Amino acid sequence: MNKVLIVILCFSFFGVANSQQLDSIDYQHTNASILPDSTVKLILQTGNTYMNTPYKYAGTNKSGMDCSGFVCTAYKSANITLPHSSSEISKKGIYVTADNLQAGDLIFFKGRSNSTINHVAMVSKIKDGLIYIIHATTSKGVIEEVLQQSKYFIDRWLF
């Protein structure tokens with residue numbers, strides 16, 4: 001069974017104030033879908049407002065954003081602070097199976113020539129077995145696409 005690193009959407013549920021406290025929580029037996037639906041909806045709505053924003057390295061606003069800046073900005077709307085680095089974001093959370101992905105979960109990708117995490121995307125929905133993701137791409141900016149229809153990203157998906 002494939003496993004995917006998912007940044008767990010539970011920071012506010014546990015009343016965690018900062019990442020130091022977050023690191024002390026044992027997520028081994030925690031369900032990944034414990035944020036209220038309204039919080040996930042807010043994160044996704046915020047993410048959608050950045051659709052078609054151009055790519056800009058280290059960007060976090062409508063003038064341009066990178067993948068981790070996009071994720072940080074979307075989560076910040078729900079008062080969830082994440083590091084501005086896909087690699088660092090990947091260190092928060094738990095592993096869940098790919099068939100348990102839900103809207104708002106984050107998935108990670110490796111570079112072309114190594115297994116280092118260098119990209120993050122947010123699951124926007126699962127429909128008819130297809131995983132829709134929103135992310136900031138270097139070529140198209142912030143877009144939504146079907147993961148399984150992107151050979152470039154499906155080949156680099158870390159699961």
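Residues take numbers from 1 onward in each chain, read along the sequence in its written order. Whole-chain, interface and lining totals are the exception, using all residues; otherwise, since this is a predicted model, local features are given only for residues with pLDDT of at least 70 and side-chain atom pairs are given and counted only at 80 or more. Water and hydrogen atoms play no part in the side-chain values, which are based on all heavy atoms of the structure.

Concerning the pattern of salt bridges
Formally: Here a salt bridge means any side-chain nitrogen of Lys or Arg lying within 4 Å of a carboxyl oxygen belonging to Asp or Glu. Relative accessibility under 20% of the residue-type maximum defines a buried residue, over 50% an exposed one, and the middle range a partly exposed one, all with a 1.4 Å probe and only protein chains included.
The final tally for this structure, using the stated rule, is 2 salt bridges. In this structure, lysine 91 and glutamate 88 form a salt bridge, with 2.9 Å as the shortest nitrogen-oxygen distance. When its relative accessible area of 56% is taken as the criterion, lysine 91 is described as exposed. Exposure remark for glutamate 88: the relative accessible area of 34% places this residue in the partly exposed category. The shortest N-O distance in the salt bridge between lysine 151 and aspartate 155 comes to 2.7 Å.

Considerations on the environment of serine 115
The cut-off we apply is this: Starting at the N terminus, helices and strands are each numbered in turn, a helix being any DSSP run of H or I of at least four residues and a strand any DSSP run of E of at least two. By definition, residues are in contact when any of their heavy atoms lie within 4.5 Å.
Within the secondary structure, serine 115 is located in the loop between strand S5 (106-110) and strand S6 (117-127). Sequence-wise, serine 115 and leucine 158 are 43 residues apart; in three dimensions their C-alpha atoms are separated by 8.3 Å. When neighbours within four sequence positions are excluded, serine 115 is seen to be in contact with Lys110 and Leu158.

Remarks on the nonpolar core
To be explicit about the condition: Put simply, buried Ala, Val, Leu, Ile, Met, Phe, Trp, Tyr and Cys residues joined by side-chain atoms within 4.5 Å make one nonpolar core.
By size, the foremost hydrophobic cluster in this structure holds 24 residues, and its most contacted members are Ile43, Phe70, Val71, Tyr75, Leu82, Leu106 and Met122. Elements with a minimum of two residues in this core: helix H2 (37-49), helix H3 (67-76), S5, S6 and strand S7 (130-137). Per-element tally for this core: the top contributor is H3, with 6 residues. In this structure, Ile107, Val123, Leu147 and Trp157 belong to the second largest nonpolar core, which totals 11 residues.

A few points about the layout of surface pockets
To keep it simple, the criterion reads: Detection works on a 1 Å grid of protein atoms alone, calling trapped sets that fit a 1.4 Å probe cavities and calling open sets with protein on both sides within 12 Å along at least five of seven lines pockets, with lining residues defined by an atom within 4 Å of a point. Grid points are joined across faces, edges and corners, and a volume is the space filled by probe spheres set on the points. Residues are grouped as follows: Ala, Val, Leu, Ile, Met, Phe, Trp, Tyr, Cys and Pro are nonpolar; Asp, Glu, Lys and Arg are charged; every other residue, Gly included, is polar.
Empty space within the largest pocket amounts to approximately 420 Å³. Here the element with the most residues in the lining of the largest pocket is S6; it accounts for 3 residues. Tallied by class, residues from the lining of the largest pocket come to 9 nonpolar, 11 polar and 4 charged.

Some words on the environment of glutamate 145
As a reminder of what qualifies: Polar contacts here mean pairs of N or O atoms no more than 3.5 Å apart (in protein, one a potential hydrogen donor and the other a potential acceptor; neighbouring residues in sequence count only if both atoms are side-chain atoms).
For glutamate 145, the position within the fold is in strand S8 (residues 141-146). Separated by 11 residues in sequence, glutamate 145 and isoleucine 134 place their C-alpha atoms 6.7 Å apart. Among the polar contacts listed, one links the side chain of glutamate 145 to the side chain of histidine 135, at a separation of 2.6 Å.

Comments concerning the sheet that holds S5
The following threshold applies: If DSSP finds at least two bridges between two strands, the strands pair. All axes are obtained by fitting lines to C-alpha atoms, using only the stretch in contact for helices, and the reported angles, taken between N-to-C directions, cover 0 to 180 degrees.
Taken in spatial order, the 4 strands line up as S5-S6-S7-S8 in an open sheet, and their pairing is antiparallel. Every interior strand has two partners, whereas the edge strands, S5 and S8, have only one. Across the sheet, the axes of successive neighbouring strands diverge by a mean angle of 30°, strand direction being ignored. Pairing analysis gives 5 bridges linking S5 to S6, with the strands arranged antiparallel. Within the sheet, the bridge partner assigned to lysine 110 lies in S6 and is isoleucine 117. Relative to S6, H2 is tilted by about 110°, and along the sheet it contacts S6 and S7. In this fold H3 packs onto S5, S6, S7 and S8, with an angle of close to 50° to the strand it touches most, S6.

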